[in-house]
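Spelled out from the first residue to the last, the chains are:
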Amino acid sequence: MSEGRFFESAEGAAIRCTLCPHQCSIPAGGRGACGVRENRDGALALPYYGYITAIARDPIEKKPLRRFRPGTSILSLGFAGCNLRCPFCQNWRISQINGTAAPGRFLRPEEAIALARADRQIAYTYSEPLIHAEYLIDCMKLARKQGIANVLVTNGCISERAAAEILPLTDAANIDLKCFSEETYAKILGGNLQTVLNFIRMAHEAGVHVEITTLVIPGLNDSDEELDQCAAFIAGLASKNSWSFAPKAKLRGVSALAETPWHLSAYHPDYRWDAPPTDPAALMRAAERARKTLPYVYTGNIGP
Ligand code: SF4
Ligand code: SF4
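The notes below deal with the structure included here. (Residues numbered from 1 in each chain as written. Chains lettered and ligands numbered in written order. Predicted model: local features only at pLDDT ≥ 70, side-chain atom pairs only at ≥ 80, totals over all residues. Heavy atoms only, no water.)

Considerations on the site of ligand 1
So, step 1. Taken together, Cys17, Leu19, Cys20, His22, Gln23, Cys24, Gly32, Ala33, Cys34, Arg37, Asn83 and Ile131 form the complete shell of residues around ligand 1.
So, step 2. The site holding ligand 1 turns out to be the largest cavity.
So, step 3. Its residues assigned to classes, the shell around ligand 1 comprises seven nonpolar, four polar and one charged. (Near = heavy atom within 4 Å. 1 Å grid on protein atoms, 1.4 Å probe; cavity = no way out; pocket = protein on both sides within 12 Å on 5 of 7 lines; lining within 4 Å. Sits in = over half its atoms within 2 Å of the grid points. Nonpolar A, V, L, I, M, F, W, Y, C, P; charged D, E, K, R; others polar.)

See the structure below:
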């Protein structure tokens, strides 16, 4: 059982996990909202340190990353649990721990990084990697020493303190911007919009290659107004993307700074959400509209 950091004492025998905005107060013997961080005798225990629920070799475009090492493959590790509870989660079998985690196996950081040697890059993905910050940092440090690139696929709901440790070790990230409504984040997803926006800004400032993904869900986040707000935020980022091609942006009459890729992905009913799937034609229209603001807008989950 590994010991966690990112916690402090709370009232009585409880401890407070400080890793994400939930700031869970965890009673003795209990676990935080994500299900993977436990109060054991007044210390933060990590029963799922190195517990891997999915492992695959994916094309990097599947992360999705379109402007970071295109055409390459990447070792991808999935974990157990998540600190959000999106009712439309397409990976809910591994992201939601209801009593027990999905089947998996433990991999020490040395073993994980050894598996990534062939591809020279590793993605922490599928469910939410950041709730396993201690394992992530151990893996990322090892990867860096061996010249292996670290790629995060994340919801971006993490404290500034943890972000400040993880982002300097991160080469590329795909970060969800699930909507532009504080109310939707709080009431439906169990998250916090400002934390995500802050994480995205911090990633840019740390020089991470950043791409953004929004799952477009009819009736929830697909209004022109809300998607325009997302596009304006992304356009406002001062980009340091390593694979960006600013001259192309200038040629298209778009600010050279507005070069962060945005992925608009089609939703399909899953888990606890049964709204009809995203209409591919509507998704294409949304992408066309976004291209007035951003040079690199991609659609996903609607076939080639
Ligand atoms: S990481 Fe988990 S235990 Fe820690 S505050 Fe967030 S939800 Fe709670
Ligand atoms: S953040 Fe991602 S993994 Fe977590 S519940 Fe939401 S969709 Fe699922």
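From this point, the discussion proceeds with the structure in view.
A closer look at the sheet that holds strand β5 (residues 38-40)
So, step 1. Judged by pairing direction, the sheet is antiparallel, and its three strands sit side by side in the order β1-β6-β5 without closing on themselves. The sheet terminates laterally at β1 (2-3) and β5, the two strands that pair on one side only.
So, step 2. Relative to strand β6 (residues 43-46), β1 runs antiparallel, the two sharing two bridges. Its bridge partner being in β6, Ser2 is matched across the sheet by Leu46. (Pairing = 2+ DSSP bridges. Helix = DSSP H or I, 4+ residues; strand = E, 2+ residues; numbered from the N terminus.)

What about the sheet that holds strand β13 (residues 172-176)?
So, step 1. Overall, mixed pairing links the eight strands, which are arranged β8-β9-β11-β12-β13-β14-β15-β16 in an open sheet. In this open sheet, the two strands that pair with only one neighbour each are β8 (54-59) and β16 (297-300). For this sheet the average axis-to-axis angle between neighbouring strands, irrespective of direction, equals 20°.
So, step 2. The pairing of strand β11 (residues 121-125) with strand β12 (residues 149-154) spans four bridges and is parallel. Residue pairing across strands places Tyr124 opposite Leu152, the latter belonging to β12. (Axes fitted to C-alpha atoms, helices over the stretch in contact; angles between N-to-C directions.)

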